[in-house]
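Structural overview
Spelled out from the first residue to the last, the chains are:
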Amino acid sequence: MPFALPPNADGILPDRMIAAMTEAGLILPEYPFVESQIQPASLDLRLGGIAYRVRASFLPGPDCTVAERIDELKLHEIDLSDGAVLETNCVYIVPLLESLALPRNIVAAANPKSSTGRLDVFTRVIADGTRRFDMIGAGYHGPLYAEISPKTFPVLLREGSRLSQVRFRVGHATLDADELDALHDAERLVDSDDADLNGGVALSVDLSGANANGFVGYRAKRHTGVVDIDRRGGYAVGEFWEPIAARPDGTLILDPGEFYILASKEAVQVPPDYAAEMVPFDPLVGEFRVHYAGFFDPGFGYEGAGGLGSRAVLEVRSREVPFILEHGQIVGRLIYEKMLSRPDAMYGQRIGSNYQGQSLKLSKHFKV
């Protein structure tokens, strides 16, 4: 089927256009899509049947394919058809079940899914001939691969597991400063009376304990059991996480190499005609990373989709030195983008959304 975009189109493609891309042969799944694989503004990507343990992470560069680099760097192959455990601090490359045949006016960008980031599974998408992770240029025709490195918990994966998602953009989607100001005036994007909108909507960390019964977050335990990436509500929190109580001075010292789940002070909403993405690391605010999974779908936290504002969960890992976080300290920014059109289903509506209306919340794998 032919696929056409409106003239002078600018924005992120919604769910029904992702489905239309597939019908037109621009997205090529090895097997038909499964339920909820198409999200309001993105497509979940599924792992193929083989994982390659490689010596090191890599980018193929403009004159090389990922398969050629795998042949040079692989240590062994792992069959995922019946499930297999990927060990911490090892690097694996897995061909994905979806490949692309993009037209010359559509680009794609990938990100880990929320549940992937909250397990501290570091994953990025690679394409042939690319110089950047998670970015697929206009006109790309070829396979996609996931680079996977569990950092804290060993994880059980299988063919069809979904760790990453991809968005499709045409033209210029990002709101400029004036457009962002106007949207905040109309929709109140965060519940702050003095919102900082310089370069995106600023988010700060909540270390008060007021929104989580006196707790501010969780620190991951070491030397735990395996987490099955496809198992919901199957694990006791205490076996994998240490809760962190609020301190009277509203601070938290991040230990190098440790992984934390925290939450934003602000409640966020994404109106139906927009999507957002969190900047994952800003060296101007400190030597730590605050988010692996950066996509926020249309309707996230939105009252019309059952949200009433949702906290942004922060997946925090300090770098080389201990770092003191203070309550209300800015730790990241949300960049808002226009949708090409409103999706048929917003986040929180009929698609099994796990984190609508959330405050401080672990991934879906742990018992509430």
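Heads up: the structure comes first, above all this text.
Before going into details, it helps to say that this report is about the structure given with it. The structure displayed is predicted, hence computed values, not measured ones.

1. A short note on helix H2 (residues 66–73)
- Every buried residue of H2 is accounted for by Val66, Ile70 and Leu73. Each buried residue of H2 sits inside an arc of 80° when the element is viewed along its axis, so together they form one side.

2. Focus on the pattern of salt bridges
- Using the criterion set out here, one finds 20 salt bridges in the structure.
- The salt bridge involving Asp196 is made with Arg333; its shortest N-O contact spans 3.2 Å. Of this pair, Asp196 sits in the loop between helix H4 (177–187) and strand E14 (201–204) while Arg333 sits in strand E25 (residues 330–338), and the two are 137 residues apart along the sequence.
- Beyond isolated ion pairs, a larger network of salt bridges with shared partners links Asp44, Lys113 and Arg162.

3. Section: the pairing of strand E23 (residues 310–318)
- Of all the 9 residues making up E23, 9 are buried; the element is thus mostly covered by neighbouring parts of the structure.
- Taken together, the 7 bridges between strand E19 (residues 259–268) and E23 define a ladder with antiparallel strand orientation. Directly across from Phe259, in E23, lies its bridge partner Arg317.

4. What about the nonpolar core?
- In this structure, Leu100, Leu102, Ile136, Leu144, Ile148, Phe168 and Trp241 are the most contacted members of the largest nonpolar core, which totals 56 residues.
- If you look at the next biggest cluster of nonpolar residues, it comprises 32 residues, including Leu183, Val190, Leu207 and Tyr336.

5. Brief notes about the environment of Ser192
- Assignment of secondary structure puts Ser192 in the loop between H4 and E14.
- Under the relative-accessibility criterion, Ser192 is labelled buried at 17%.
- Considered as a pair, Ser192 and Gln39 are 153 residues apart in the sequence and their alpha carbons are 29 Å apart.
- At a separation of 2.9 Å, a polar atom in the side chain of Ser192 contacts the side chain of Asp194.

6. Notes on the sheet that holds E25
- As summarised here, the arrangement of the 4 strands in space is E14-E25-E20-E22, forming an open sheet in which the pairing is antiparallel. If you trace the sheet from one side to the other, it starts and ends with E14 and strand E22 (295–296), each paired once.
- Where E14 lies against E25, 4 bridges are found, and the strand directions are antiparallel. Directly across from Ala202, in E25, lies its bridge partner Arg333.

7. With respect to empty space enclosed by the protein
- Counting across every chain of the model gives 1 cavity of 30 Å³ or more.
- In this structure, the largest cavity spans a volume of roughly 70 Å³.
- As for the largest cavity, its lining consists of Asp206, Gly209, Asn211, Ala212, Phe215, Val216, Ala263, Ser264, Arg311, Ser359 and Leu360.
- Contributing elements (two or more residues each) for the lining of the largest cavity: strand E15 (215–220) and E19.

8. A look at the packing of aromatic side chains
- Using the criterion set out here, one finds 10 aromatic pairs in the structure.
- Ring geometry for Tyr235 versus Phe240: centroids 5.6 Å apart, planes at 80°, classification edge-to-face.
- Aromatic side chains Trp241 and Phe366 sit 5.9 Å apart centroid to centroid with 80° between the ring planes, which places their arrangement in the edge-to-face category. Placement of Trp241 in strand E17 (residues 241–245) and of Phe366 in the segment after E25 is noted, with a sequence separation of 125 residues between them.

9. Concerning a negative patch on the surface
- Together, Asp176, Asp178, Glu179, Asp181 and Asp185 give the surface a local cluster of negative charge.
- Considering the arrangement of structural elements, one finds Asp181 in helix H4.
- A residue is classified by how much of its surface remains accessible, and Asp181, at 33% relative accessible area, is partly exposed.

10. A closer look at the sheet that holds strand E6 (residues 84–86)
- Across the sheet, 3 strands lie side by side as E6-E12-E16; this open sheet has mixed pairing. Each having just a single partner strand, E6 and strand E16 (227–228) make up the two edges of the open sheet.
- With 3 bridges connecting them, E6 and strand E12 (residues 155–157) associate as antiparallel partners. Along E12, the bridge assignment pairs Val85 with Leu156.

11. A closer look at helix H1 (residues 15–23)
- For H1, every residue scored as buried is listed here: Asp15, Met17, Ile18, Met21 and Thr22. Considered in projection along H1, the buried side chains sweep an arc of 165° and stay on one side of the axis.
- Buried positions along H1 lie against strand E2 (27–29), strand E3 (43–46) and strand E13 (162–170).
- Two residues or fewer past H1, Gly25 is found with a positive phi of approximately 80°.

12. Description of the side chain of Asp15
- By the element assignment, Asp15 lies in helix H1.
- Buried and unpaired, Asp15 has Arg16 as its nearest opposite-charge partner, separated by 4.2 Å.

About the thresholds
- Residues numbered from 1 in each chain as written.
- Predicted model: local features only at pLDDT ≥ 70, side-chain atom pairs only at ≥ 80, totals over all residues.
- Heavy atoms only, no water.
- Buried < 20%, exposed > 50% of the residue type's maximum accessible area, 1.4 Å probe, protein only.
- Helix = DSSP H or I, 4+ residues; strand = E, 2+ residues; numbered from the N terminus.
- Arc of directions from axis to C-beta.
- Salt bridge = Lys/Arg side-chain N within 4 Å of Asp/Glu carboxyl O.
- Pairing = 2+ DSSP bridges.
- Core = buried A, V, L, I, M, F, W, Y, C linked by side-chain atoms within 4.5 Å.
- Polar contact = N/O pair within 3.5 Å; in protein donor to acceptor, adjacent residues only side chain to side chain.
- 1 Å grid on protein atoms, 1.4 Å probe; cavity = no way out; pocket = protein on both sides within 12 Å on 5 of 7 lines; lining within 4 Å.
- Points joined across faces, edges and corners; volume = space filled by probe spheres on them.
- Phe/Tyr/Trp six-rings, centres within 6.5 Å; stacked < 30°, edge-to-face > 60°.
- Patch = residues over 30% accessible without salt bridge, like charges linked within 9 Å, V, L, I, M, F, W, Y side chains within 5 Å.
- Areas by Shrake-Rupley, 256 points an atom, 1.4 Å probe, with all protein chains shown as cover.
- Lys, Arg positive; Asp, Glu negative; His and termini not counted.
- Charge placed at Lys NZ, Arg CZ, Asp CG, Glu CD.
- Contact = heavy atoms within 4.5 Å.

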